Amino acid sequence: MIRIAVLQANSSHPEAFINIINGSDSPFRDRARVVTIWDEDFALSTAQANHGVRACETLDEAIDAVDMVMICGRWGDQHPDLAIQMAGLGLPVFIDKPLASSFSRACDVVEAFERTGAPALCASAYRFAPEVLTFCEGLDRLGRFRSGQAAGLSEWPDLGPKGRELHFYGVHTAEMIQTVFGEGIRSVVVHPGDGADIAILEFADGRRVDWHLLRDCAEIYEIGYYGQDGHDRVRIDPFSAYYENMMEAAVHMAETGQSPVSLLASAEIVALLDAVTLARRTPGETLALDVR
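Residues numbered from 1 in each chain as written. Predicted model: local features only at pLDDT ≥ 70, side-chain atom pairs only at ≥ 80, totals over all residues. Heavy atoms only, no water.

### Considerations on the sheet that holds strand β13 (residues 287-288)
Then, number 1: With respect to topology, seven strands assemble into an open sheet ordered β12-β11-β7-β10-β9-β8-β13, the strand pairing being mixed. The outermost strands of the open sheet, each flanked by one partner alone, are β12 (231-235) and β13.
Then, number 2: Pairing of strand β7 (residues 145-153) with strand β11 (residues 221-227) involves seven bridges; the strand directions are antiparallel. Opposite S147, over in β11, you have Y226 as the bridge partner. (Pairing = 2+ DSSP bridges. Helix = DSSP H or I, 4+ residues; strand = E, 2+ residues; numbered from the N terminus.)

### Topic: the packing of helix α6 (residues 130-137) against helix α7 (residues 166-181)
Then, number 1: α7 packs onto α6 with a crossing angle of 25° between their chain directions and a minimal axis gap of 9 Å. Taken as axis vectors, α6 and α7 run roughly parallel relative to one another. Remark: the crossing between α6 and α7 carries right-handed chirality. Only M176, T179 and V180 of α7 make contact with α6, whose side of the interface consists of V132, F135 and C136. (Axes fitted to C-alpha atoms, helices over the stretch in contact; angles between N-to-C directions. Parallel < 35°, antiparallel > 145°, perpendicular 65-115°, else oblique. Left-handed = near helix turned anticlockwise from the far one by under 90°. Contact = heavy atoms within 4.5 Å.)

### A closer look at the pattern of salt bridges
Then, number 1: Overall, the coordinates contain 17 salt bridges when judged by the stated rule.
Then, number 2: Here R105 makes a salt bridge to D81, at a shortest N to O gap of 2.4 Å. With R105 in helix α5 (residues 103-116) and D81 in helix α4 (residues 79-88), this residue pair connects regions lying 24 residues apart in the sequence.
Then, number 3: Here R233 ties to E222 by a salt bridge, and the two come within 3.4 Å at their closest N and O atoms. With a gap of 11 residues between them, R233 in strand β12 and E222 in strand β11 connect regions that are remote in the sequence.
Then, number 4: The exposure class assigned to E222 is buried, which follows from its relative accessible area of 18%. (Salt bridge = Lys/Arg side-chain N within 4 Å of Asp/Glu carboxyl O. Buried < 20%, exposed > 50% of the residue type's maximum accessible area, 1.4 Å probe, protein only.)

### Structural notes on the pairing of strand β6 (residues 120-123)
Then, number 1: Residues A120 and C122 of β6 are buried on one face, and the alternating residues L121 and A123, pointing to the opposite face, are buried as well.
Then, number 2: Where strand β5 (residues 93-96) and β6 come together, four bridges link them in parallel fashion. Residue pairing across strands places F94 opposite L121, the latter belonging to β6.
Then, number 3: Traced from β5 through α5 to β6, the parallel crossover comes out right-handed. (Right-handed = clockwise from strand over helix to strand, strands pointing away.)

### A word on the sheet that holds strand β3 (residues 54-56)
Then, number 1: In spatial order, the strands read β3-β2-β1-β4-β5-β6; together these six strands make up an open sheet with parallel pairing. Each edge of the sheet is formed by a strand with only one pairing partner; in this case those strands are β3 and β6. Neighbour-to-neighbour, the strand axes of this sheet turn through a mean angle of 25°, independent of strand direction.
Then, number 2: Here three bridges tie strand β2 (residues 32-38) to β3, and the two strands are oriented parallel to one another. Looking at β3, one finds that W38 is bridged to C56.
Then, number 3: With respect to the sheet, helix α1 (residues 13-22) is in contact with β1 (2-7), β2, β4 (68-71) and β5, its orientation differing from that of β2 by roughly 150°.

Dropping the structure here:
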């Protein structure tokens, strides 16, 4: 049985993850259980301590005698310091999206886990959406890549200035792009618009994918693949089992010591978000990703 501590409770994700893992009809009943939750604001921990989870006043109390931790802070700048501390303990760590709010801090996290060898998984749940996984399985029938396209919300303004940062909500579409088209994005150019910006991403091998960064519209996430022999497109159902699939990936990582997504891939996501953020300020100018 994998005993899990949830760290940071200032988003809706801890409640969702606890319900999935500890709920009465949980598929993880014989494999994993969230046992503690901690946040610097004890009231937040208490509010989300459901299904037998114990709210802890100190971090040390929360991680005592657990087998895995889940870092669930809402903002990317909350993740690195805590992730690095957990890496030093050798614990398997799930880090909610994004890995960090800058590529340099993402690299700090990668280096910490490389030093200790502890397994870690950072992801947006949209990477594990059933529609995305099924879509990837069918790409071979479309033939050799010709072009690609993705669209999704780039901000959540209800949460204030930080909710408008691309790292917070644009990460969902960025992870879908990497899941479908792979790693290796090396440059980006942005063409702004009133309702959406369009970012043209170029991979190291010359492939190009258009990313539509939507604003002030319904919660739309979709991705399209154009191949030599055909094309296909999929839209994510906002009520599909992406959280369940992500929790399966996290628990499986703790059981096996192997993550389905490398931290280097997660760091590339942050580099992409950094680059698009900068490219929006210089429309039409190609900007290389900082992936040194």
